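Structure at a glance
Chain by chain, the residues:
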Amino acid sequence: MTPLAERSALRPALDVEALRKQFPILARRVHGKPLVYLDSAASSQKPACVIEAIVDYYGRYHSNVHRGVHTLSEEATAAYERARARVRSFVRADSPREIVFVRGTTEAINLVAQAWARPRLGPGDEVLVTELEHHSNLVPWQLVCEKTGAKLVVAPIDARGDVIPEEYARRLSKRTRLVALAHVSNALGTVNPVAEFTRLAKQVGAIVLVDGAQGVPHMPVDVGELGCDFYAFSGHKMYAPTGIGALFGRLELLDAMEPWQGGGSMIRNVTFEKTTFAPAPERFEAGTPNIEGAIGLGVAIEWLERLDLAAVHAHEADLVEYATARLAEIPGVRLIGTARERAGLVSFVVGDVHAHDVGTILDGEGVAVRAGHHCAQPVMDHFDVPATVRASFAVHNGRDDVDRLVAGVRRVQEIFA
Amino acid sequence: MSDLRDLYQEVILDHTKRPRNFGTLEHATHRAQGRNPLCGDQLALFVEIADGRLRDVRFAGKGCAISTASASLLTEALKGTTIDEAHAMFERFHKVVTTPSDQPVDVSTIGKLAVLAGVREFPMRVKCASLAWHTLEAALAGRADPVTTE
């Protein structure tokens, strides 16, 4: 028995067949073939319970939140705040006041960049990021550095796609005010050693923000254990709707931050002379929020927790390992990103065939993958490729999906032979 | 979707693997850059014009199969034509590849370039087929900014 097969015999089982039935979209055929969806890192599909929760909200108790005294508003407000409480327990925050609803990871990071970093940074200060960051955890810091005179510093990755720990440590100093790093790389699957990197950052007194967009769908997250100050994530990559996400921020930091958008809901008292602001999290939630999104996120969390994130993690780790092994068998396929610990995805190129040609041919086989630079151009530069093909996994994927992917890659090679 | 072979026809694959007129042109009178950064496609187009004719056309760079084949086919189609004929061919080619696949279009107007008409079935790939042509227009117009079709 190979080690791979041995381990798979021990893996805690997710009932993939039963799970697939929970995703209405998986009944679709694409180009006449059953859909194999391997693009969950871009956006995951939604289980029926999430879709039904949104329909139920609009059909039964839609109203604006926080203001009405009527029954519908009370019910909508209760559901919205229940969702916040769910997010709190999901990331093991101390208080629901530490959870700000946002549009997604990008908005969460921009919130911290504008409301925490921009008023506090100046010349001589540094923001440390890693080379594997998504543009959304890079560009907001570039914007802030440009405005404040702070310097953006980058911790490099090695040939496997791991951030080099010594290089990271060497770039930390008293000048480092903030460290921003991904929990899991969306382009390479690398799992950063966030707890260790945070511990080092704390020794120099830096604030740490973790981009958790690719973390929360795949593993249990405990912000206390990670030790970070901010943790940002999107709902739509973890089975919830688009347009909703959450920012965890330590209460003491959130309470010290000025608002970044003004409007309704975020105020305490308004006169023409002086306006006072609501405490966190409302202070950062100006305007009518994405109520159905929050409700959908709450339901998605409940659903994921019932599946058990440890089992989800084990299941997807098996898929990553299996896909890595199967793709490595194909001459001409080069894996991009072979970090020591990876989660949720494999990234690769097929000889010198452009990733978009691979993506188009796989689509013809009913296999949906991502082809491109994955909003991580510096990572593509590092590996000297214009783009990669990325297959990313969700709970409804099985080894049979990887087999369809592998057959599709062989078809690419036939066409380009 | 029609068969993938409609998109990846033998002629296209042949031009992808062995691009014609590939390389730089020292005596180019006109040149332009085409870039589709989201794809990572990069293309430089060189044209030598004398007496109102495109005496030589070459391209360099890297891209997907469709953009490479399109650039290669362009160089073959335009060598020796007048500037007016080149513009007219651009117009006809553009019309063919941007006409939705559920509407009829006369591909006989573009000669050998008709092998690229299959991109109509793949709306996301039209920008790949048209990059070289927009780069040509920029070269003829003497525009220095890189062209993009994204």
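In this text the structure is predicted, and so the values were computed from the model without any measurement.

Looking at the overall build of chain A
The number of helices and strands found in chain A is 15 helices and 17 strands. Taken over the C-alpha trace, chain A has a radius of gyration of 22 Å; the compact-globule value for 417 residues is 22 Å, and the two agree within 12%. Its C-alpha atoms give chain A principal-axis dimensions of about 75 × 55 × 35 Å. Here chain A holds 417 residues, and the buried ones make up 51% of them. Taking the contacts inside chain A whose residues are at least 6 apart along the sequence as the reference set, 72% of them involve residues at least 24 apart.

Description of the overall build of chain B
Across its full length, chain B holds 5 helices and 3 strands. From first element to last, N terminus to C terminus, chain B shows the α and β order α-α-β-β-β-α-α-α. Radius of gyration (C-alpha) of chain B: 14 Å, near the 15 Å computed for a compact globule of 150 residues. When its C-alpha atoms are laid out on the principal axes, chain B stretches across 45 × 30 × 25 Å. Within chain B, the fraction of its 150 residues that count as buried is 44%. Across chain B, the fraction of contacts at a sequence separation of at least 24, relative to all contacts at a separation of at least 6, is 62%.

So, the packing of helix α4 (residues 71-91) of chain A against helix α11 (residues 291-307) of chain A
Between two packed helices, both the angle of their axes relative to each other and the distance between the axes serve to describe the pair. All names here are of chain A. Contact pair α4 / α11: the axes reach a minimum separation of 8 Å and the direction vectors enclose 45°. Our classification of the angle between α4 and α11 gives oblique. Crossing of α4 over α11 shows left-handed handedness. Here A76, A79, Y80, R82, A83, R86, V87 and F90 of α4 lie close against α11, whose contacting residues are I291, A294, I295, L297, G298, I301 and E302. For the contact of α4 with α11, a count of residues per class yields 11 nonpolar, 1 polar and 3 charged.

A short note on the nonpolar core
Residues V112(A), L209(A), A300(A) and L45(B) are the most contacted members of the largest nonpolar core, which totals 171 residues. Residues from two domains meet in this core; each of domain 1 (3-30 + 308-415) and domain 2 (51-306) of chain A gives at least three. Not counting the four nearest positions on each side in its chain, V112(A) is found in contact with A117(A), L209(A) and F230(A).

Regarding the interface of chain B and chain A
Bring the parts together and some accessible area is lost; that lost area is often taken as the interface size. Taken residue by residue, the interface counts 13 residues in chain B and 13 residues in chain A. Of the residues assigned to the side of chain B that touches chain A, the class counts are 10 nonpolar, 2 polar and 1 charged.

Quick word on the sheet that holds strand β16 (residues 370-372) of chain A
Neighbouring strands of a sheet are bound in pairs by backbone hydrogen bonds; such pairs are parallel or else antiparallel. Residues and elements named next belong to chain A. Strand order in the open sheet formed by 4 strands is β13-β14-β17-β16, with antiparallel pairing between adjacent strands. Looking at which strands have only one partner, the edges of the open sheet turn out to be β13 (333-335) and β16. Between one strand axis and the next, the sheet turns by 30° as a mean value, whatever way the strands run. In the sheet, β16 pairs with strand β17 (residues 388-392) via 3 bridges, with the strands oriented antiparallel. Paired with R370 across the two strands is R390, which belongs to β17. Most of the contacts of helix α12 (residues 309-328) go to strand β14 (residues 345-350), to which it runs at about 15°, and overall it touches β13, β14 and β17.

Some points on the domain arrangement of chain A
Residue and element names in this part refer to chain A. You can read the domains of chain A as domain 1 (3-30 + 308-415) and domain 2 (51-306). One C-alpha centre belongs to domain 1, the other to domain 2, and the line joining them spans 28 Å. The interface is formed by 24 residues belonging to domain 1 together with 23 residues belonging to domain 2. Where the side of domain 1 that touches domain 2 is concerned, the elements lending two or more residues are α12, β14 and α14 (377-383). If one sorts the elements of the side of domain 1 that touches domain 2 by residue count, α12 sits on top with 6 residues. Of the residues belonging to the side of domain 1 that touches domain 2, the class tally is 13 nonpolar, 7 polar and 4 charged.

The rules we used
Sequence order sets the numbering: in each chain, residues are counted from 1 along the sequence as written. Each chain gets a letter, beginning with A, and each ligand a number, beginning with 1, in the order they are written. Per-residue local features of the predicted model are confined to residues with pLDDT of at least 70, and side-chain atom pairs are confined, for both listing and counting, to 80 or more; whole-chain, interface and lining totals are unaffected and use all residues. Only runs of H or I of at least four residues qualify as helices and only runs of E of at least two qualify as strands under DSSP, and these elements are numbered from the N terminus. Note on method: radius of gyration uses C-alpha positions; expected globular size equals 2.2 Å times residues raised to 0.38. Residue burial is a threshold on neighbouring C-beta atoms within 10 Å of the residue's own C-beta, all placed from the backbone, with 20 or more meaning buried, 12 or fewer meaning exposed, and counts in between meaning partly exposed. Placing C-beta atoms from the backbone, we regard two residues as in contact once those atoms come within 7 Å. Lines fitted to the C-alpha atoms define the axes, with helices restricted to the stretch that makes contact. Angles between their N-to-C directions range from 0 to 180 degrees. Any angle from 65 to 115 degrees is called roughly perpendicular, while one under 35 is roughly parallel, one over 145 is roughly antiparallel, and all others are oblique. Here is the rule for handedness: rotate from the far helix to the near one, and if that takes an anticlockwise turn smaller than a right angle the crossing is left-handed, while a clockwise turn gives right-handed. Ten residue types, Ala, Val, Leu, Ile, Met, Phe, Trp, Tyr, Cys and Pro, are classed as nonpolar, four, Asp, Glu, Lys and Arg, as charged, and the remainder, Gly among them, as polar. Here, a nonpolar core denotes buried Ala, Val, Leu, Ile, Met, Phe, Trp, Tyr and Cys residues that are linked to one another through C-beta atoms within 7 Å. An automatic or database domain assignment is the source of the domain bounds shown. Pairing between strands requires that DSSP locate at least two bridges from one strand to the other.

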